Amino acid sequence: MNYIFNKGKSDKPVLLLLHGTGGDENSLLALAEIIDPEASVLSVRGNVLEQGMPRFFRRLAEGVFDMEDLALRTKELYEFLDDKAVEYEFDRNNIIAIGYSNGANIAANLLFEYKNALKGAILHHPMVPNRETTVAKQGGTAVFIAAGVNDPICPQQEATDLERYLLGAGAKVTLEWESNGHQLTMGEVQKAKAWYEANFR
């Protein structure tokens, strides 16, 4: 997988950056700088292409995921994190994902598939990745969800259902609403920053 690793202070979390469709490993670097400029950054490019646009897993149509590919790519990302923690000597249990859209969906699926896969997650405009599975126990994992009340790609029900699934698995979930659509706004980034500082600083 193509990625960027920037080492920060050793006592800080590693921010795992997962872009939306058509983005790359550079897309969310400025966002990480806002959330915590002292944290290490592991920014990954999805290795599935849809009409030339990078994604983290295939979809069959808008909002319809290729579930077999989602499972494969989620396992691939999980093992990638294990490998990079050894290579760069960071704490595998101190990773906080920051994902937008498609990147938020694979981050959410990490939580669905693996017990305490992440220390925390900031999910901008996610959907429920899999409604046919039992969500792995999360033991208090802190999750921030930012959703748009007018989002045509991720309806409000997706955010509220995702919150319900994660709460049921033992996660601590904060759901914040923006009046906008699917775009990533500075307002929700600032809310995410406040949440991060309350939970991890």
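Each remark here, short or long, concerns the structure printed above.
Residues numbered from 1 in each chain as written. Predicted model: local features only at pLDDT ≥ 70, side-chain atom pairs only at ≥ 80, totals over all residues. Heavy atoms only, no water.

Compared with an ideal rise of 1.5 Å per residue, which puts 13 residues at 18 Å, helix α4 (residues 156-168) spans 19 Å between its outermost C-alpha atoms and is within 8% of the ideal. Residue Gly-170 follows α4 closely and has a positive phi angle near 100°. (Helix = DSSP H or I, 4+ residues; strand = E, 2+ residues; numbered from the N terminus. Expected span 1.5 Å × (residues − 1).)

Before going further, it helps to examine the packing of helix α3 (residues 102-113) against α4. Contact geometry for α3 and α4: axes closest at 11 Å, N-to-C directions at 30°. Considering the angle they form, α3 stands roughly parallel to α4. As for the relative orientation of α3 and α4, their crossing is left-handed in sense. Mapping the contact onto sequence places Ala-108, Leu-111 and Phe-112 in α3 and Leu-162, Tyr-165 and Leu-166 in α4. When the residues that make up the contact of α3 with α4 are grouped by side-chain class, the tally is six nonpolar, no polar and no charged. (Axes fitted to C-alpha atoms, helices over the stretch in contact; angles between N-to-C directions. Parallel < 35°, antiparallel > 145°, perpendicular 65-115°, else oblique. Left-handed = near helix turned anticlockwise from the far one by under 90°. Contact = heavy atoms within 4.5 Å. Nonpolar A, V, L, I, M, F, W, Y, C, P; charged D, E, K, R; others polar.)

On to the packing of helix α2 (residues 67-88) against α3. Orientation of α2 relative to α3, taken along the N-to-C sense of each, is 85°, at an axis distance of 10 Å. By the criterion of interaxial angle, the relationship of α2 to α3 is roughly perpendicular. Here Leu-70, Arg-73, Thr-74, Leu-77, Tyr-78 and Leu-81 of α2 come into contact with α3, specifically with Ile-106, Asn-109, Leu-110 and Glu-113.

Among the seven residues in strand β10 (residues 142-148), seven count as buried, and that is most of the element. Every second residue of β10 is oriented toward a common face, with Ala-142, Phe-144, Ala-146 and Gly-148 on one face and Val-143, Ile-145 and Ala-147 on the other, all of them buried. The pairing of strand β9 (residues 120-124) with β10 spans five bridges and is classified as parallel. Bridge pairing in β10 places Leu-123 opposite Ile-145. The pairing of β10 with strand β11 (residues 172-178) spans seven bridges and is parallel. By the bridge assignment for β11, Gly-148 is matched with Glu-178. For the segment spanning β10, α4 and β11, crossover handedness is right-handed. (Buried < 20%, exposed > 50% of the residue type's maximum accessible area, 1.4 Å probe, protein only. Pairing = 2+ DSSP bridges. Right-handed = clockwise from strand over helix to strand, strands pointing away.)

Turning our attention to the packing of aromatic side chains. A full pass over the atoms with the stated rule returns 10 aromatic pairs. Between Tyr-3 and Phe-80, the aromatic rings sit 5.5 Å apart at their centres with planes inclined by 75°, giving edge-to-face as the arrangement. Of this pair, Tyr-3 sits in strand β1 (residues 3-6) while Phe-80 is found in helix α2, placing the two residues 77 residues apart along the sequence. On the basis of relative accessible area, Tyr-3 is assigned to the partly exposed category, the value being 24%. Residue class for Phe-80 comes out buried when judged on its relative accessible area of 8%. Judged by centre distance (6.3 Å) and plane angle (75°), the rings of Tyr-3 and Tyr-88 are edge-to-face. Placement of the pair is Tyr-3 in strand β1 and Tyr-88 in helix α2, with a sequence separation of 85 residues. Each residue in the set Tyr-3, Phe-5, Phe-80, Tyr-88 and Phe-90 is aromatic and connected to the rest through ring pairs, giving one cluster. Across the ring face of Phe-57, the terminal group of Arg-55 is positioned such that the distance to the ring centre comes to 5.3 Å. Arg-164 extends its terminal NZ or CZ atom over the ring of Tyr-165, reaching a point 5.1 Å from the ring centre. (Phe/Tyr/Trp six-rings, centres within 6.5 Å; stacked < 30°, edge-to-face > 60°. Lys NZ or Arg CZ within 6 Å of the ring centre and 35° of its normal.)

The final tally for this structure, using the stated rule, is 19 salt bridges. For Asp-36, the salt bridge identified is with Lys-12, shortest N-O distance 3.3 Å. Remark: Lys-12 occurs in the loop between β1 and β2 (14-18) and Asp-36 occurs in the loop between α1 (29-35) and β3 (40-44); sequence separation between them is 24 residues. Overall, the relative accessible area of 1% leaves Asp-36 in the buried class. Given a relative accessible area of 15%, Lys-12 falls into the buried group. (Salt bridge = Lys/Arg side-chain N within 4 Å of Asp/Glu carboxyl O.)

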